[in-house]
Structures are given as C-alpha cells and as structure tokens.
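Listed below are the residues making up each chain.
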Amino acid sequence: KEPDMEKMQELLKKAEKGNLSVRELGGIVKQYKRQQDEKIRLANAPEKYSIFYADPPWKYADELIEGYGAAIHHYPPMSIQELCELPIKAKASDNAALFLWVTSPITEECFEVIRAWGFEYKASFVWDKVKHNYGHYNSVRHELLLVCTKGSYLPESSELSDSVVSIERTDEHSEKPEYFRTLIEKMYPNSKKIELFARKKYPGWDSFGDEYDRTNK
C-alpha cells in the first residue's frame, strides 16, 4: 500500500518544528509505513481476543515546547480517526476487556476510540509516576489506565487491587511499569490476550505494533 501523502506532509511539518534530523525523520517515516502494514496484518489475523492492552501513540495538538521532548521524536502519532479505524472491534470476542492507557489531555477524545472499538468504559487505575511532567494547568505526575468491557466480562479473579499505584517512572519515553501487565494477567489468567502498540514480546501475549516489529527483527 502506498503511504498516505497527506500524512507524510504532516510528519514533515512536525519534523521541521521539532528540529528532527534526516536520520530521525527517516526512522519516523519507516515506522509510519510499519503502522500501515501492522493494521493490515491485524485485520487478516484469524484469532479473536478477550483481553486488549493498549498504549496508543496519541496525537496531541501541542507543538514542541522547548526543554521537553515531543512524541514525534519517538514514533509517528496517530489521530483519533486513525485509531478508530483499527480493526479492533472485529477482533474482539463477544465478551472482552480493554485496558487503555490515556493521559489527561486526551481523556475526553479517547472515548470515541473506546466506542469505535466496541467497548464501554467501566473503571480506571491511576498510575502515580512520582516524578512530575510538564503540563499547561498543573504539574502532571499521573496517567490513567481505563478499564472497558464488551459484553459481560468481569475479572476471572475475585481479588481486587488498589486503584492508585505509585511507581516511579523511568526516563524511557512512555514506558509503562510491568506491574500493570501482571495485574491484568492476575485479573484474567485464562483469557486470550493481545498487546496493541507493543514494544516487546511477552509469554502468553500476542503482539501488534510497529515498535515491536522494529525492535524484534
């Protein structure tokens, strides 16, 4: 499939504002192409899943702020429409759960994605990162892991975990603590699982995402 030229122009403009090098820009373009290939691969996969764990490359309206890293330096962000178009709804079992990472600025918009994927919001976990990040209205030190379901899909385990978890963030961009993956496994030990936008391959999980492809080839 030929790359979307409008998308490519957008990446070029972001690269210019973010002062990306030619090498960095080339890497972002390759990742964008991989995103498109992964979308096709997921659509053609025969499996259906009961557990989805996703940390999407959310697209922000903000431009690069001097002194802070922008997402464009790490991956090509996806718009709400692009995320909605992913074939998640078709790959979900009749009864399934979605664990979706979202930051405060994207919270309202993310519900469009949740609905497009066929899920309804039910609850949330708050990750207290301990270290602070820049924000326009406050100094942000938390991120949300939303719990959404399709059909009826209560946890297989009766153990309830605290909704607020304090784990100091690392310096790796957007890296999430492994605590939350383990938490999902405890809640749904017997379910068919897939991680969307995965960076690594984990036992018991299928993986979808250009970052996983890039780091495991």
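Structure: above.
These figures come from a predicted structure and were not determined experimentally.

1. Digging into the overall build of the protein
So, step 1. A count of helical and extended segments in the protein gives seven helices and seven strands.
So, step 2. Sequence-ordered secondary structure for the protein, helices as α and strands as β, is α-α-β-α-α-β-α-β-β-β-α-β-β-α.
So, step 3. Put simply, the protein has 217 residues, and 44% of those count as buried.
So, step 4. When contacts within the protein are restricted to residue pairs at least 6 apart in sequence, long-range pairs at least 24 apart make up 73% of them.

2. Some remarks on the nonpolar core
So, step 1. Grouped together as the largest cluster of nonpolar side chains are 29 residues, with contacts concentrated most on Phe52, Trp58, Leu98, Trp117, Phe119 and Leu196.
So, step 2. Counting residues per element, the ones that place at least two in this core are strand E1 (49-54), helix H3 (80-84), strand E2 (92-102), helix H5 (107-116), strand E4 (140-150) and strand E6 (193-196).
So, step 3. In terms of residues, this core owes the most to one element, E2, which gives five residues.
So, step 4. The contact partners of tryptophan 58, leaving out residues within four places of it in the chain, are Pro77, Met78, Ile80, Leu83, Leu100, Trp101, Val102, Ile106, Cys110 and Val113.
So, step 5. In terms of nonpolar packing, the next biggest core, distinct from the first, is built from 18 residues, Trp101, Val165, Met187 and Trp205 among them.

3. Some points on the pattern of salt bridges
So, step 1. Taken as a whole and assessed by the stated rule, the structure comprises ten salt bridges.
So, step 2. Across the pair lysine 122 and glutamate 120 runs a salt bridge whose closest N-O atoms are separated by 3.8 Å.
So, step 3. Lysine 176 is the salt-bridge partner of glutamate 143, the closest N and O atoms lying 3.3 Å from each other. In this pair, glutamate 143 is assigned in strand E4 and lysine 176 in the loop between strand E5 (164-166) and helix H6 (178-187), connecting sequence segments 33 residues apart. Of the two residues, glutamate 143 and lysine 176, both sit in the buried class.
So, step 4. Among the charged side chains, a network of salt bridges with common partners joins Asp55, Lys129, Glu143 and Lys176.

4. Describing the sheet that holds E6
So, step 1. Here seven strands make up an open sheet; going across it, the order is E5-E3-E4-E2-E1-E6-E7 and the pairing mixed. For this open sheet the edge positions go to E5 and strand E7 (205-208), each flanked by a neighbour on one side alone. This sheet shows a mean twist of 20 degrees between the axes of neighbouring strands, independent of strand direction.
So, step 2. Examined bridge by bridge, E1 and E6 share four bridges and lie parallel to one another. Across the sheet, alanine 54 pairs through a bridge with leucine 196, a residue of E6.

5. Focus on the pairing of E1
So, step 1. Counting buried positions along E1 gives six out of six residues, so the element sits mostly inside the fold.
So, step 2. Summarising the sheet, E1 and E2 pair through five bridges and their orientation is parallel. Counted as the bridge partner of tyrosine 53 is phenylalanine 99 from E2.

6. Description of the packing of aromatic side chains
So, step 1. This model, assessed by the stated rule, comprises eleven aromatic pairs.
So, step 2. Ring geometry for tryptophan 101 versus tryptophan 127: centroids 5.8 Å apart, planes at 70 degrees, classification edge-to-face. Taken together, the residues span a long stretch of sequence, with tryptophan 101 in strand E2 and tryptophan 127 in strand E3 (residues 120-133) at a distance of 26 residues. Considered together, tryptophan 101 and tryptophan 127 belong to a single accessibility category, that of buried residues.
So, step 3. Aromatic side chains tyrosine 179 and phenylalanine 180 sit 5.3 Å apart centroid to centroid with 90 degrees between the ring planes, which places their arrangement in the edge-to-face category.
So, step 4. Through pairs of rings, three or more aromatic residues link up here, namely Trp101, Trp127, Tyr179 and Phe180.
So, step 5. Between the NZ or CZ atom of arginine 181 and the centre of the ring of tyrosine 202, over which it lies, the distance is 3.5 Å.
So, step 6. Here arginine 181 stacks its cationic end above the ring of tryptophan 205, 5.3 Å away from the centre of that ring.

Conventions we followed
Residues numbered from 1 in each chain as written. Predicted model: local features only at pLDDT ≥ 70, side-chain atom pairs only at ≥ 80, totals over all residues. Heavy atoms only, no water. Helix = DSSP H or I, 4+ residues; strand = E, 2+ residues; numbered from the N terminus. Buried < 20%, exposed > 50% of the residue type's maximum accessible area, 1.4 Å probe, protein only. Contact = heavy atoms within 4.5 Å. Core = buried A, V, L, I, M, F, W, Y, C linked by side-chain atoms within 4.5 Å. Salt bridge = Lys/Arg side-chain N within 4 Å of Asp/Glu carboxyl O. Pairing = 2+ DSSP bridges. Axes fitted to C-alpha atoms, helices over the stretch in contact; angles between N-to-C directions. Phe/Tyr/Trp six-rings, centres within 6.5 Å; stacked < 30°, edge-to-face > 60°. Lys NZ or Arg CZ within 6 Å of the ring centre and 35° of its normal.

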